[in-house]
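One-letter residues, chain by chain:
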Amino acid sequence: MDKLIFDSDALIKLEKSGILREVCFHWKCITTAEVKSECVDEGKKRFHQDALNIEDLINEKLLKIKNPKRQRKIKERLGRGEISAVNLYFQEKKSTIVTDDSAFIKYLQENNIRHVLPANLVVAMKRSKKIDAKMALSYLEKLRGYIKDEVYDDARKDMMEEE
């Protein structure tokens, strides 16, 4: 995973759980203007703190905004942010889409598009020794309220198998 391309769902969940900044320190993190509009611009209108924090990461250049040069026609019913993330994926070599949206994941799987769940980023940081086991478990616990129980259980199991 050289480059991570985020949809709104992943950005918001990782930020609300306090993990996004750490992820942005360890990987090249990218999103699109459409995703920024969904989670930052709309979030600020509703006075969501996570929107301001994500905007700070953009201003600090830890999270870059990049727009796809070409637009593929996508027949599935995806949101504008998700469509822009897919288009950017095909433009950016060695990239992976980060999402926790079930319908989007189904589309990505059906189209063989590399993707990862936010919880798996915590596991990857631990495996690559970017964070220690204690920090990884702490991050996973913070993320727990925003992800499905089975995703949490699988991520925790993956971390424990390496102990």
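Residues numbered from 1 in each chain as written. Predicted model: local features only at pLDDT ≥ 70, side-chain atom pairs only at ≥ 80, totals over all residues. Heavy atoms only, no water.

A.B. asks: I would appreciate a short explanation of helix H3 (residues 33-45) in the present structure.
C.D. replies: Residues separated by three or four positions in an α-helix point in the same direction, a consequence of the helix having 3.6 residues per turn. Val35, Cys39, Val40 and Gly43 are the residues of H3 that are buried. The buried residues of H3 occupy an angular sector of 80 degrees when the element is viewed end-on, so they sit on one face. Residues of H3 that are buried make contact with strand S1 (3-6), helix H1 (8-16), strand S2 (28-31), helix H4 (49-59) and helix H5 (80-91). (Buried < 20%, exposed > 50% of the residue type's maximum accessible area, 1.4 Å probe, protein only. Helix = DSSP H or I, 4+ residues; strand = E, 2+ residues; numbered from the N terminus. Arc of directions from axis to C-beta. Contact = heavy atoms within 4.5 Å.)

A.B. asks: Help me understand the packing of helix H7 (residues 118-127) against helix H8 (residues 133-143) in this model?
C.D. replies: In a packed pair of helices, the relevant descriptors are the angle between the two axes and the axis-to-axis distance. Taken N-terminus to C-terminus, the directions of H7 and H8 make an angle of 175 degrees; their axes are 9 Å apart at the nearest point. With respect to their mutual orientation, H7 and H8 come out roughly antiparallel. Taking contact as the criterion, the partners of Pro118, Ala119, Val122, Met125 and Lys126 in H7 are, on H8, Ala133, Ala136, Tyr139, Leu140 and Leu143. A per-class count over the contact of H7 with H8 returns nine nonpolar, no polar and one charged. (Axes fitted to C-alpha atoms, helices over the stretch in contact; angles between N-to-C directions. Parallel < 35°, antiparallel > 145°, perpendicular 65-115°, else oblique. Nonpolar A, V, L, I, M, F, W, Y, C, P; charged D, E, K, R; others polar.)

A.B. asks: Hey, could you run me through the pairing of S1 in this one?
C.D. replies: For a regular strand, side-chain orientation follows a simple rule: the groups alternate between the two sheet faces. Side chains of S1 alternate between two faces, with Lys3 and Ile5 and Leu4 and Phe6 buried alike. When S1 meets S2, the two strands line up parallel, connected through three bridges. Note on S2: the bridge partner recorded for Leu4 is Cys29. Pairing analysis gives four bridges linking S1 to strand S4 (residues 95-98), with the strands arranged parallel. (Pairing = 2+ DSSP bridges.)

A.B. asks: Explain the pairing of S2 to me, please; I cannot follow it from the model alone.
C.D. replies: Where S2 lies against strand S3 (residues 63-65), three bridges are found, and the strand directions are parallel. Note on S3: the bridge partner recorded for Ile30 is Lys64.

A.B. asks: Explanation requested: the side chain of Thr32 in the structure shown.
C.D. replies: Mapped onto the fold, Thr32 is located in the loop between S2 and H3. Thr32 sits in the buried class, given a relative accessible area of 0%. In terms of polar contacts, Thr32 uses its side chain to reach the side chain of Ser84, at 2.6 Å. Other than its neighbours up to four places away in sequence, Thr32 contacts Ile65, Lys66, Asn67, Pro68, Gly81, Ser84, Ala85 and Leu88. (Polar contact = N/O pair within 3.5 Å; in protein donor to acceptor, adjacent residues only side chain to side chain.)

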